Structures are given as C-alpha cells and as structure tokens.
Amino acid sequence: MKKILITGGAGFIGSHVVRRFVTQYPETTIVNLDALTYAGNLNNLTDIEDAANYTFVKGDITDSTFVNQLFKEHHFDGVVHLAAESHVDRSITDPVSFVMTNVIGTVNLLNSFKELWKADFTNKRFYHVSTDEVYGTLGETGLFKETTSYDPNSPYSASKASSDHFVRAYGETYGLPYVISNCSNNYGPHHFPEKLIPLFINNIIHNKPLPVYGDGNYTRDWLYVIDHAIAIDLAFHKAENAATYNIGGFNEWKNIDLVKLLCKMMDEKLGRDAGTSEKLITYVTDRPGHDLRYAIDASKINQELGWKPTVTFEQGLEKTIDWYLNNDEWLEQVTSGAYQDYYKKQYE
Ligand code: NAD
Ligand code: DAU
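Computed from a prediction, not measured in an experiment: that's the story for all the values here.

Chemist: Please provide a residue-by-residue account of the overall build of the protein, values included.
Modeler: A tally of helices and strands in the protein yields twelve helices and twelve strands. In summary, the protein has a C-alpha radius of gyration of 20 Å against a globular reference of 20 Å for 348 residues, a match within 12%. Overall, the protein is about 65 × 45 × 40 Å in size when its C-alpha atoms are taken along their principal axes. The buried share of the protein, reckoned over its 348 residues, is 55%. In the protein, of all internal contacts separated by at least 6 residues, the share reaching a separation of at least 24 is 82%.

See the structure below:
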C-alpha cells in the first residue's frame, strides 16, 4: 500500500501504531489524523515527527465534509482506525460525545472510504481497532472468544460495539474490505493518567491516595502496548478479509493485586521503605455498571498469524514505571490545566 491513514495517532495506542508503521514501512506514507482532544498529544511522537514518510493532519472525524475532502485529496489505500473517546468513566458522565466520535466518526470514515473505492476495492483495507469490552462481563471463569455475543454494559462499550457492527455491515452491504480486532487492557509509555496504571503511578510519585473502585476484586487482562501495535501491524497486513481477532496478554490480574504489585515496584524504584505506597490505597465508591472480569482467548491470532506477547507483565510494568519516572515533564504537562478539573469531579 502506498498511503495509509491512521486515526487517533496522537493518543496512547495510536502513537505506538504510528511509530511502528512509520519505521517498518519507509516506502509507505503514513498520515496521522487526530483532533488533539485532551487525550491527544503530539509530544508522543517527537522521535518520528520529521520522518519523510510521516504527515500529521489535525481534524475531527465527526466532520463528514472534512473527512470526505481528506480522502479525496489523499486516496488512502488503507485505514487503521483508532480515534475514539476511550475512557469508561467519562462515558458515564458524557455519553453523547462517545456516540459522536465512536459511532458517527466511524461511519463518516467508512462512507468516505466506500465512496473512494466502491468501483474496485482490490488491495484496500479498513482496519478497525476495538475493545474486549463489547463482550460485556465474564463471571469467575471463561474467556472471550471471537464468537462470544456482544453484550456491552457502559456507554463507552455500547458505542464501540455499535462501531464494530457498522464496520461489519459495510462489509456485508457494500463489500467494503475490513478487519476488526478486539483487545484487552493496554498499558505502557504515553498512557494518559486517567486510566488505572498511569493514574496510580502518578499518584504514588506524588504520595496521593490510590482510589480503588469497590472492593478491588475486578479482573482485567493486561497487554503491553507495543505488543498490541505489533498485533495490529500483523493483522493489518496478513489477515483474511472480514477476519476478527481477539488480542490479549494471557495475563489476568485482580485490580487490588495489580495495585499492590505496582506499589511494591514503585517503592523499590523510589527508594522508599517497603509498604509505604500500599498505605495510599483508598477504597472509593464503585464505578456504575462496573464489569467484573475481562479475559481474552487470543489463540486465534496466535495460531493463524503467529502472534504472541513479547514481554512478560513484570518486564512491561518495569519498562512502564521507568518511562514515567524518566518523563516527568510529559506527566506534568498532561496533568496540568483541564486534568485538575477532571480529577476533582471524578474523585473528590
Ligand atoms: P486515547 O484516548 O489515548 O486516544 C484517542 C485519540 O483519538 C486521541 O489522540 C484523541 O485526540 C483522538 N480523537 C478523539 N476524538 C477524536 C475525533 N473526534 N476526531 C479525531 N481524533 C479524535 O485512546 P487509546 O487508549 O489509545 O485507544 C485507542 C483505540 O483503541 C480506541 O479506539 C479504543 O477504543 C481502543 N482500545 C483501547 C484499549 C486500551 O486499553 N486503551 C484497549 C482496546 C481497544
Ligand atoms: O478492556 C479494554 C479497555 O480497557 C479499553 O477499551 C478502554 O479504552 C480502557 O480504558 C480500558 O478500560 P477499563 O475500564 O478496564 O480501564 P481503566 O484503567 O479505567 O480501569 C481498569 C480497572 O481499574 C477497572 O476495573 C476500574 C478500576 N479503576 C480504574 C480507575 C481509573 C479503579 O479501581 N480506580 C480508578 O481510579
């Protein structure tokens, strides 16, 4: 492919995907389209911003006229779509913005892609990056498979489920070539500190309370973000048309156990006495509609495409902690201003 559009490339996962594509495919032009919301940050990409095959465009996927124009101008052969409102807690206070970006924004991209190539979709691909949250919640046992029924519980997951359905529907109705992947919880460098791991790292650094929702016995499956970017690269280039893949870390943790591990590792890194950070743990009011457990069966992508995580959780967590400790300017920049208002509303 000559030209690929990556949406949401200034965000957490998107920036790792942009870096991967720009460095792996020097003959391909990568256009990063991002609205630079609170979650988008061009400082995530300073190491590759001058690459000859990279261009950034600031724009909003909810603006259909703008999106159409962009496709007419660039004739993208492929799209890797990550732009989204991504935080469950924000979706509970402001569901409409999730419908706008995650549903309408996705449909706008699909329409422009379809209009451009409908006469001949040969060698074209729309890759939609989605989440395991579309499957709802598991009990104590079982795993999400690609065949698990959708059963979303939060406005965020409902909007992502809807966008997945639109992608499939465009495949069925218009023959639009697509791939969808549904991934578990990512962690790693450049993660905005509204999500559990970076929020708690930041709070431990500043000796602030660690707000554990409910009893802390909720379970998530964690994957190092670069391993997700590698999986997307592989599936984008190698998957069959209309394939769906679940991507996960084979790595389940109860929140409270994960938080205790983080506290222990941070105490060691910061030279604090063992047990210091654990004292910051504070149990707070639960998230409404909180999904008990997510766990991914990633055997399909493993068997068909040979993908598996390259780092263990302990290695990934150590890399992540080191990155935050070495990038205090990044952390200070993203936690000033509007972040303070968000934090007060959410936690105080
Ligand atoms: P993020 O919130 O860090 O980044 C989202 C990016 O999208 C930001 O750069 C933001 O500026 C941009 N954006 C938001 N609204 C936009 C709009 N209207 N127009 C253009 N750009 C817009 O998100 P993330 O955690 O990197 O997630 C990326 C994608 O991966 C999302 O689709 C999310 O649903 C999915 N996903 C995330 C995880 C995870 O653990 N974070 C796991 C599975 C799937
Ligand atoms: O599973 C994939 C999803 O993972 C992605 O689709 C989402 O974009 C991403 O945000 C993430 O969703 P979660 O809701 O699982 O992630 P979060 O980091 O917000 O929360 C992880 C767990 O920690 C969850 O059980 C809620 C809990 N939590 C979270 C925060 C922010 C707390 O106990 N306290 C907190 O302050």
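Chemist: Provide a residue-level description of the pairing of strand 9 (residues 219-224), including the pertinent values.
Modeler: Within strand 9, six of the six residues are buried, leaving the element largely enclosed by the surrounding structure. Side chains of strand 9 alternate between two faces, with Thr219, Asp221 and Leu223 and Arg220, Trp222 and Tyr224 buried alike. As defined by bridge partners, strand 9 adjoins strand 11 (residues 252-254) across three bridges and the pair is classed as antiparallel. Bridge assignment links Asp221 to a residue of strand 11, and that residue is Glu252.

Chemist: Just give me the short version of the site of ligand 2, but keep the residues and values in it.
Modeler: Of all residues adjacent to ligand 2, which total 24 residues, the nearest are Asp132, Tyr156, Arg287, His290 and Tyr347. Contact between ligand 2 and Glu133: an oxygen atom at 2.7 Å from a side-chain N or O atom of the residue. Those elements that place two or more of their residues in the shell around ligand 2 are helix 6 (196-205) and strand 8 (210-213). When residues in the shell around ligand 2 are grouped by element, the largest group, three residues, is from strand 8. By residue class, the composition of the shell around ligand 2 is eleven nonpolar, seven polar and six charged.

Chemist: An account of the sheet that holds strand 5 (residues 125-131) is requested, with residue identities and associated values reported.
Modeler: The sheet built from seven strands is open, its strands ordered 3-2-1-4-5-6-10 with parallel pairing. Edge strands, defined here as strands with exactly one partner in the open sheet, are strand 3 (54-58) and strand 10 (243-247). On average, adjacent strands in this sheet sit at an angle of 15° to one another, irrespective of strand direction. Relative to strand 6 (residues 178-183), strand 5 runs parallel, the two being bridged by six bridges. Opposite Phe126, over in strand 6, you have Tyr178 as the bridge partner. Strands strand 1 (3-7), strand 4 (78-81) and strand 5 of the sheet are contacted by helix 4 (residues 95-117), whose axis makes an angle of about 170° with strand 5.

Chemist: Give me the packing of aromatic side chains: which residues, what numbers.
Modeler: Two measures describe an aromatic ring pair: the distance that separates the ring centres and the angle between the ring planes. Applying the stated criterion across every chain yields a total of 22 aromatic pairs. Ring geometry for Tyr127 versus Phe236: centroids 6.3 Å apart, planes at 50°, classification tilted. Taken as a pair, Tyr127 in strand 5 and Phe236 in helix 7 (residues 225-238) lie far apart in primary sequence, 109 residues in all. Overall, Phe236 belongs to the buried group, its relative accessible area being 3%. Ring geometry for Phe192 and Tyr339: centres 5.8 Å apart, planes at 70°, overall edge-to-face. Taken as a pair, Phe192 in the loop between strand 7 (185-187) and helix 6 and Tyr339 in helix 12 (residues 338-347) lie far apart in primary sequence, 147 residues in all. Through successive ring pairs, a cluster of aromatic residues spans Tyr38, Phe192, Tyr213, Tyr339, Tyr343 and Tyr347. The lysine or arginine in question, Arg90, covers the ring of Tyr342, its NZ or CZ lying 4.0 Å from the ring centre. Arg220 extends its terminal NZ or CZ atom over the ring of Tyr294, reaching a point 3.9 Å from the ring centre.

Cut-offs applied
Residues numbered from 1 in each chain as written. Chains lettered and ligands numbered in written order. Predicted model: local features only at pLDDT ≥ 70, side-chain atom pairs only at ≥ 80, totals over all residues. Heavy atoms only, no water. Helix = DSSP H or I, 4+ residues; strand = E, 2+ residues; numbered from the N terminus. Rg over C-alpha atoms; globule rule 2.2 N^0.38 Å. Buried < 20%, exposed > 50% of the residue type's maximum accessible area, 1.4 Å probe, protein only. Contact = heavy atoms within 4.5 Å. Pairing = 2+ DSSP bridges. Near = heavy atom within 4 Å. Polar contact = N/O pair within 3.5 Å; in protein donor to acceptor, adjacent residues only side chain to side chain. Nonpolar A, V, L, I, M, F, W, Y, C, P; charged D, E, K, R; others polar. Axes fitted to C-alpha atoms, helices over the stretch in contact; angles between N-to-C directions. Phe/Tyr/Trp six-rings, centres within 6.5 Å; stacked < 30°, edge-to-face > 60°. Lys NZ or Arg CZ within 6 Å of the ring centre and 35° of its normal.

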